[in-house]
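Structural characterization, general
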Amino acid sequence: MIHVRYFASLRERIGRDEEHIELPAGVDTLGALVTHLSARGSPWREALEATPRLMMARNHTLARAETEISDGDEIGLFPPVTGG
């Protein structure tokens, strides 16, 4: 099981800030996880499609789509952020 946390506009569009999910067979990277979440349909698909430059973190470290994930990981998904 992994812990997925949604931040900022993703949290607003999905309607929750976190969830725990069992990793399906074949979902072993962040990119595969995003594809799996999008395949759930609304509201995940719309939220993820509306965030073309999605940022991801695995266990509090920024990561890329090809980063491997496994049971026990905490995944953060968020839109790009800017400073000021």
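For the structure, check the block above.
Note that the coordinates shown come from a computational prediction; the quantities given were computed from them, not determined experimentally.

1. Here's the deal with the packing of aromatic side chains
Following the criterion strictly, the structure yields one aromatic pair and no others. Seen from their ring centres, F7 and F78 are 6.1 Å apart, and the 85° between their planes marks the pair as edge-to-face. With F7 in the loop between β1 (2–6) and α1 (8–14) and F78 in strand β5 (residues 74–78), this pair connects stretches of sequence that are 71 residues apart. Note on F7: relative accessible area 30%, which makes it partly exposed.

2. So, the pairing of strand β3 (residues 55–58)
Here β3 runs beside β5; their pairing, made up of four bridges, is antiparallel. For M55, the partnering residue across the bridge sits in β5 and is F78. Here three bridges tie β3 to strand β4 (residues 61–63), and the two strands are oriented antiparallel to one another. By the bridge assignment for β4, R58 is matched with T61.

3. Examining the side chain of T29
Secondary-structure assignment places T29 in the loop between β2 (18–21) and α2 (30–39). When its relative accessible area of 18% is taken as the criterion, T29 is described as buried. A polar contact is formed between the side chain of T29 and the backbone nitrogen of A32, at a distance of 3.1 Å. Among all residues touching T29, those that are not within four sequence positions of it are A65, E66, T67, E68 and I69.

Each value, and the rule that gives it
Residues numbered from 1 in each chain as written. Predicted model: local features only at pLDDT ≥ 70, side-chain atom pairs only at ≥ 80, totals over all residues. Heavy atoms only, no water. Phe/Tyr/Trp six-rings, centres within 6.5 Å; stacked < 30°, edge-to-face > 60°. Helix = DSSP H or I, 4+ residues; strand = E, 2+ residues; numbered from the N terminus. Buried < 20%, exposed > 50% of the residue type's maximum accessible area, 1.4 Å probe, protein only. Pairing = 2+ DSSP bridges. Polar contact = N/O pair within 3.5 Å; in protein donor to acceptor, adjacent residues only side chain to side chain. Contact = heavy atoms within 4.5 Å.

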